[in-house]
Amino acid sequence: MSTSSRYPFTAIVGQDDLRLALLLNAVSPAVGGVLVRGEKGTAKSTAVRALAALLPPVRTVEGCRFSCDPAAPDPGCPDGPHPADGPGGERAARMVELPVGASEDRLVGALDIERALAEGVKAFEPGLLADAHRGILYVDEVNLLHDHLIDLLLDAAAMGASYVEREGVSVRHAARFLLVGTMNPEEGELRPQLLDRFGLTVEVAASREPDQRVEVVRRRLAFEDDPAAFAGRWSGEEAGLRERVAAARALLPRVRLGDGALRRIAAVCAAFEVDGMRGDLVMARTATALAAWAGRTEVAVEDVRQAALLALPHRRRRNPFDAPGLDEEKLDEVLRDAAADDPEDEPPTPPEEPGGGDDDGPGPDGGGGGRPDPGDGAGDGSGGLPPQRTEDSGAPAPEDAPEALTGAEPGESGGGTPRPASAEQRAVAAGEPFRTKVLSVPGLGAGAAGRRSRARTEHGRTTGATRPEGALTKLHLTATVRAAAPHQRARGRSGRGLVVRRDDLRQATREGREGNLVLFVVDASGSMAARRRMGAVKGAVLSLLLDAYQRRDKVGLVTFRGREAEVALPPTSSVDAAAARLQALPTGGRTPLAAGLLKAHDVLRVERLRDATRRPLLVVVTDGRATGGPDPVALAGRAARLHAAEATASVVVDCETGPVRLGLAGELARELRGTAVTLDELRAEALTGLVKDVTDHHRARRAA
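Residues numbered from 1 in each chain as written. Predicted model: local features only at pLDDT ≥ 70, side-chain atom pairs only at ≥ 80, totals over all residues. Heavy atoms only, no water.

## So, the pairing of strand β15 (residues 517-523)
Put simply, the rule is: To sort residues, take the accessible area from a 1.4 Å probe on protein chains only and compare it with the maximum for the residue type: under 20% means buried, over 50% means exposed, and anything in between is partly exposed. Runs of H or I in DSSP of at least four residues are treated as helices and runs of E of at least two as strands, each being numbered from the N terminus. Each pair of strands is called paired provided DSSP finds at least two bridges between the two strands.
In terms of burial, β15 is a largely internal element, 7 of the 7 residues being buried. In this structure, β15 lies alongside strand β18 (residues 616-622), joined through 6 bridges in parallel fashion. If you follow L519 over to β18, its bridge partner there is L618.

## Quick look at the packing of aromatic side chains
Stated precisely, the cut-off is as follows: To pair, rings of Phe, Tyr and Trp, with the six-membered ring standing in for Trp, must have centres within 6.5 Å; the planes then decide the type, stacked if under 30 degrees apart, edge-to-face if over 60, and tilted in the middle.
Under the counting rule described, the total for this entry stands at 4 aromatic pairs. For the pair Y7 and F223, a centre-to-centre distance of 5.1 Å together with 70 degrees between the ring planes defines the contact as edge-to-face. Placement of the pair is Y7 in the segment before α1 (16-27) and F223 in helix α8 (residues 210-225), with a sequence separation of 216 residues. Looking at Y7, the relative accessible area reads 10%, which means it is buried.

## With respect to the side chain of D547
Quick note on the threshold: Polar contacts, as used here, are pairs of N or O atoms within 3.5 Å; protein pairs need one atom able to donate a hydrogen and one able to accept it. Residues neighboring in sequence count only if both atoms are side-chain atoms. Here a residue-residue contact requires only that any non-hydrogen atoms of the pair lie within 4.5 Å.
Mapped onto the elements, D547 comes out in helix α16 (residues 531-550). For D547, a relative accessible area of 5% corresponds to the buried category. Here R452 takes part through its side chain, which lies 3.0 Å from a polar atom of the side chain of D547. Residues in contact with D547, not counting those within four places in the same chain, are T436 and R452.

## Notes on the nonpolar core
Filter applied, for reference: Within this scheme, the nonpolar core is defined by two criteria: the residues are buried Ala, Val, Leu, Ile, Met, Phe, Trp, Tyr or Cys, and they are joined through side-chain atoms within 4.5 Å.
Core analysis: the largest hydrophobic core is formed by 67 residues, its most contacted members being F9, L22, L51, V268, M283 and W293. The element best represented in this core is helix α12 (residues 278-293), accounting for 9 residues. Non-local contacts of V268, meaning those with residues more than four positions away in its chain, are made with M283, A308, L312, L331, V334 and L335. C77, L137, L153 and L179 belong to the second largest nonpolar core, which has 36 residues in total.

## Brief notes about the pattern of salt bridges
Pairs may arise between side chains of opposite charge once their charged atoms sit close together. Defined as follows: For salt bridges, the criterion is a side-chain nitrogen of Lys or Arg within 4 Å of an Asp or Glu carboxyl oxygen.
One pass over the full model with this rule turns up 29 salt bridges. Put simply, R172 and D74 hold a salt bridge, and the shortest N to O gap is 3.1 Å. Within this pair, whereas R172 is found in strand β9 (residues 169-174), its partner D74 is found in the loop between β2 (58-61) and β3 (88-91), the two being separated by 98 residues in sequence. For R172, a relative accessible area of 30% gives the class partly exposed. The buried category is assigned to D74, whose relative accessible area is 14%. Ionic pairing is found between R610 and E607, a salt bridge with its closest N-O pair at 2.9 Å. A residue pair is termed a helical-turn pair when its members lie 3 or 4 positions apart in one helix, as R610 and E607 do in helix α18 (residues 593-610) at 3 residues. A relative accessible area of 62% places R610 in the exposed class. Here E607 falls in the buried class, since its relative accessible area comes to 9%. In this structure, a network of salt bridges that share partners links the residues R452, D547, R551 and D553.

## A few points about unusual backbone geometry
Leaving glycine out, the prevailing phi sign among residues is negative, and the prevailing peptide bond configuration is trans. In this model, G80 is joined to P81 through a cis peptide bond whose omega is 0 degrees. Here P81 shows up in the loop between β2 and β3. The backbone of E141 shows a phi angle near 55 degrees, a positive value even though the residue is not glycine. Tracing the backbone through its elements, the reader meets E141 in the loop between β7 (136-140) and α6 (147-159). A relative accessible area of 28% means that E141 is categorised as partly exposed. Its identity is not glycine, yet A647 carries a phi of approximately 55 degrees, on the positive side. Tracing the sequence through the fold places A647 in the loop between α19 (632-645) and β19 (649-654).

## What to know about helix α17 (residues 575-583)
Of all 9 residues in α17, 8 are buried, a share of seventy percent or more. For α17, the set of buried residues is V575, D576, A577, A578, A579, A580, R581 and L582.

## Remarks on the sheet that holds strand β13 (residues 461-466)
For the record, the criterion: Axis angles are defined between N-to-C directions and span 0 to 180 degrees, where every axis is a line fitted to C-alpha atoms and, for a helix, only to the segment in contact.
Overall, antiparallel pairing links the 3 strands, which are arranged β12-β14-β13 in an open sheet. In this open sheet, the two edge strands, each paired with only one partner strand, are β12 (449-457) and β13. Adjacent strand axes in the sheet meet at a mean angle of 30 degrees when their direction is disregarded. When β12 meets strand β14 (residues 507-514), the two strands line up antiparallel, connected through 6 bridges.

What follows is the structure in structure tokens.
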């Protein structure tokens, strides 16, 4: 991308935290990169792409594909050895993008196994990690990358080198880069272990100030009309910021991190119960970079405070459904206490108000304009849902009020006056989640890597060998030698080497685990409205969502009540969003069970067209009742048989309680050709036979 076609970094309006975090990594790549979290259209990608123009140029050895520095070439460079102070050239720092669908070989590089076996030559084609050496590696939608790619990426970032191992043949090369990842939390979260590997994290949201939004649109339209002219108008600011980055880099080795600052860092990490020591190290490096950015040679209290706001929020997650964040009042209190323990230290400086600086460029303290305003509703975890009604809101009953069910089952005693089931009640808080046993789809799939059902995958235990289709990715060495051995005399073999040809190569077939699409169909009708029971139901679904998060599934949520069913959450990788929708789910009205099953059938039909390899698991949470319309039970049975005809793996979670039970959920499970389990049986300690039951049901169906 040419400089004139790249949006200038200094022209970005607001997003002070984002700009500051990127600049701190430009000053000190040892900080460990930036993870940028935020909604769509908040200049995440624009800012990252603009950063490359601010980095100083890179001197490289002529002809080296791995960008070795002529003054200090890598002794293990695959293109080396390079002579010290050999000929070199200069180029701009690169910004390399890693696509979401990239393969492992594209990321780390590829070895020509055929030449390695036949000729003993390490023929290596560099990957994106080599291209990004001494530059920026940018991963858009990092949360959608496969876990094994993220592991490789973060390992290289931590070690400063990339290792490629293929059947005993290995190549190593330097890979030091500024790692930047962006993600939209609505599309799924990163695992806490991976979050911890990013040095800093920044939450971004669109401004709610009309004047600032106007300025964003004005500048963007001007850039699109004439990119070169727009870049020219900002060239002076760009040059000034580039010089400031270079000056801060030069000053960084002289910045002193005193014992007082170190004690504050340790006190903050201990007070916020940060696991491990990586948080302390990142805070120390960030505070040092902040001091250099401000032109100081001593780390001050405000540097420690700002470093904590950037380095600790994503390390505070204790539960997958917890949103990253940091209590600033507690942070100030900890810093004051640390200062009181050391009388020689200066008192903490109060933070500046966000927005007090110039919008055209980040100030030395970074402002704070990148974090959403608590009053504007961003990031509250509600997923944009309207506020829920209170129980005393006096909501009118819908037209289908003749169903005079109360919120309690027969045999259940509810205190107070029974509420008609048709009246909408406010959302009930979910019960405590618990560990569930795995629900898996029977058979052998071929979907995206995960941790639920058996599947053919690129990673896992080797189960056999086959001829490769296209490029060889995983060599089965024994099968290759076995295929080549009978032809050695005919090929004129002489000596110890094995004569291997392309037709001899065999690809390893492997079996691991896949992620599935877990579609929840939840009964929110009046028959489920008993508050204790609905809380238990939500707790059970929340437990299954937690299990889906851990097993890398996509999830969807269909609810039914009143006269219809609705897709509360289309299939997504964001388990957090599903949990938020579940928590806000109200109850009341009739029980259109057939509508819920038909809506689920439509969702699965569309998803099969989008991704035929991801197998579904249908989880119906209901007491089995069906009301409304002519013969609702028969209609629900026909809808269930549609799923059975398509061999959809199904589990019915029976929510019926009390001494009088009708057993309707069990009948529904038989129509689905699935299995039924009660809320109590769903717990891990009681669910020992459930997976076997699901599998046995499907084997019996195939046999029939």
